[in-house]
Amino acid sequence: MDEGIEFDDILAFVATAEGGSVNGAAERLGLAQPIVTRRIQRLESSLGIDLLDRKVRPMALTAAGIQALAPCRAALHAVAALRAATGDTAPTGELRLGVAPALADLALTGSLASLRHRYPGVTLRVHTEWTPQLLHQLRAGVLDLAVAQLPLDAPPPAGLEARMLGVERLVLVAARQLDLATEVDLATLARLPWVLSPEGGGARVLLDAAFRRWGLPLHIAAELQDHTT
């Protein structure tokens, strides 16, 4: 049992209990469903108990979860009262964030968790979309900011401010029987069928551009949407 209990984990559990499902809590908190699931699991690990009965549908609290709900609500109220008593003037309102699908899990587990802990009065509205659509929505004022994928040597999008958060490597995965060399040229890859994300995805955009630049075809065998995030 871990003695440390995170505020965000308590918030996720209470939102799930009150909303009747993890999906409902995710929508209420403006988070991806896997993030809420992990926070509840972390709280369960910290307390050494199961809070949710995962064997029944619809979701239900365990006996321990029912007992824990009132103290968890009290903890949230206590934090709110403390902020009010100390004259906390933290920002409030709505923050509209767009995230590229491949980056959603990474983005929502780090910086946004810290933001919600520091500014609980800010309501996060998170939307996942391909990078071109995110940039369009930023320019149109539909989004306040976005976490997107761009080529490493690309200039900042016109009319927008950008900051590099990290570098994502693009790794080619191929069947062993193809016996590809460690370094493969585009002409060789152009002769192979590809399984890629739908058109508009960050990696797909880069590959399309590279093949077009060299006048080579990109043979698509299947398009698959990654739903892990």
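Every value quoted in this text rests on a predicted model; they were computed, and no experiment measured them.

Visitor: Help me understand the sheet that holds strand S4 (residues 122-128) in this model?
Guide: Pairing between the strands of a sheet comes from backbone hydrogen bonds, and it takes one of two forms, parallel or antiparallel. Taken in spatial order, the 3 strands of this open sheet run S4-S3-S5, and their pairing is parallel. Single-partner strands in this sheet number two, and they are S4 and strand S5 (145-147). Between one strand axis and the next, the sheet turns by 30° as a mean value, whatever way the strands run. Pairing of strand S3 (residues 93-99) with S4, which is carried by 7 bridges, proceeds in the parallel orientation. The residue bridging Arg96 from the neighbouring strand is Arg125, located in S4. Packing against the sheet, helix H7 (residues 131-139) makes contact with S3, S4 and S5, and its axis sits at approximately 165° to S5.

Visitor: Help me understand unusual backbone geometry in this model?
Guide: Among all residues except glycine, the phi angle is most often negative; among peptide bonds, the trans geometry is most common. With an omega of 0°, the peptide bond between Arg57 and Pro58 qualifies as cis. In this fold, Pro58 is placed in the loop between strand S1 (52-53) and strand S2 (60-61). Although it is not a glycine, Asp179 adopts a positive phi angle of roughly 55°. Among the secondary structure elements, Asp179 is positioned in the loop between S5 and helix H8 (186-189). On the basis of relative accessibility, which here comes to 68%, the residue Asp179 falls in the exposed class.

Visitor: Is there a simple way to explain helix H4 (residues 63-85) in this structure?
Guide: Think of an α-helix as 3.6 residues a turn; residues three or four steps apart then line up on the same face. With 23 residues, H4 extends 34 Å between its outermost C-alpha atoms, agreeing within 8% with the 33 Å of an ideal straight helix rising 1.5 Å per residue. In H4, a bend of some 30° at Leu69 exceeds every other bend along the element, and Pro71, a proline, comes one to four places later. Where H4 is buried, its residues contact helix H1 (7-19) and S2.

Visitor: Help me understand the pattern of salt bridges, please; the structure alone is not making it clear to me.
Guide: Where side chains of opposite charge bring their charged atoms close, a pairing between them can arise. Applying the stated rule across the entire model yields 6 salt bridges. Across the pair Arg73 and Glu18 runs a salt bridge, and its minimum N-O distance is 3.0 Å. Of the two residues, Arg73 is situated in helix H4 and Glu18 in helix H1; the sequence distance between them amounts to 55 residues. Glu18 gets classed as partly exposed once you look at its relative accessible area, which sits at 38%. The salt bridge partner of Asp144 is Arg96, with a shortest N-O separation of 2.9 Å. Of the two residues, Asp144 is situated in the loop between H7 and S5 and Arg96 in strand S3; the sequence distance between them amounts to 48 residues. According to the relative accessible area criterion, Arg96 is partly exposed, its value standing at 28%.

Visitor: Can you help me understand the nonpolar core in this one?
Guide: The biggest cluster of nonpolar side chains holds 23 residues, and the ones touching the most others in it are Ile10, Phe13, Val14, Leu29, Val36, Ile40 and Leu76. No other element matches H1, which puts 7 residues into this core. If near-sequence neighbours (up to four positions away) are discounted, Leu76 is found in contact with Phe7, Ile10, Leu11 and Val14. Ranked by size, the runner-up nonpolar core spans 10 residues in total, among them Ala100, Leu134, Leu135 and Leu138.

Visitor: What should I look at first to understand a nonpolar patch on the surface in this one?
Guide: Residues Leu152, Met164 and Val167 make up a contiguous nonpolar surface patch of about 360 Å² in total accessible area. Note on placement: Met164 falls in the loop between S5 and H8.

Visitor: Can you help me understand the side chain of Gln137 in this one?
Guide: As for its position among the elements, Gln137 is in helix H7. Given the relative accessible area of 17%, Gln137 is considered buried. Discounting residues that sit within four places of it in the chain, Gln137 has contacts with His127, Glu129, Val142 and Leu143.

Visitor: Honestly, helix H2 (residues 22-29) in this entry has me stumped. Any pointers?
Guide: Listed as buried for H2 are Val22, Ala25, Ala26 and Leu29. All buried residues of H2 lie within an arc of 100° about the axis, which places them on one face of the element. Among the exposed residues of H2, those oriented more than 90 degrees off its buried face are Asn23 and Glu27. The N-cap residue of H2 is Ser21: its side-chain oxygen and the backbone nitrogen of Gly24 are 2.9 Å apart. Directly beyond the C-terminal end of H2, a positive phi value near 70° is found at Gly30.

Rules behind the numbers
- Residues numbered from 1 in each chain as written.
- Predicted model: local features only at pLDDT ≥ 70, side-chain atom pairs only at ≥ 80, totals over all residues.
- Heavy atoms only, no water.
- Pairing = 2+ DSSP bridges.
- Helix = DSSP H or I, 4+ residues; strand = E, 2+ residues; numbered from the N terminus.
- Axes fitted to C-alpha atoms, helices over the stretch in contact; angles between N-to-C directions.
- Contact = heavy atoms within 4.5 Å.
- Buried < 20%, exposed > 50% of the residue type's maximum accessible area, 1.4 Å probe, protein only.
- Expected span 1.5 Å × (residues − 1).
- Bend = angle between axes of the 7 residues up to and from the residue.
- Salt bridge = Lys/Arg side-chain N within 4 Å of Asp/Glu carboxyl O.
- Core = buried A, V, L, I, M, F, W, Y, C linked by side-chain atoms within 4.5 Å.
- Patch = residues over 30% accessible without salt bridge, like charges linked within 9 Å, V, L, I, M, F, W, Y side chains within 5 Å.
- Areas by Shrake-Rupley, 256 points an atom, 1.4 Å probe, with all protein chains shown as cover.
- Arc of directions from axis to C-beta.
- Polar contact = N/O pair within 3.5 Å; in protein donor to acceptor, adjacent residues only side chain to side chain.

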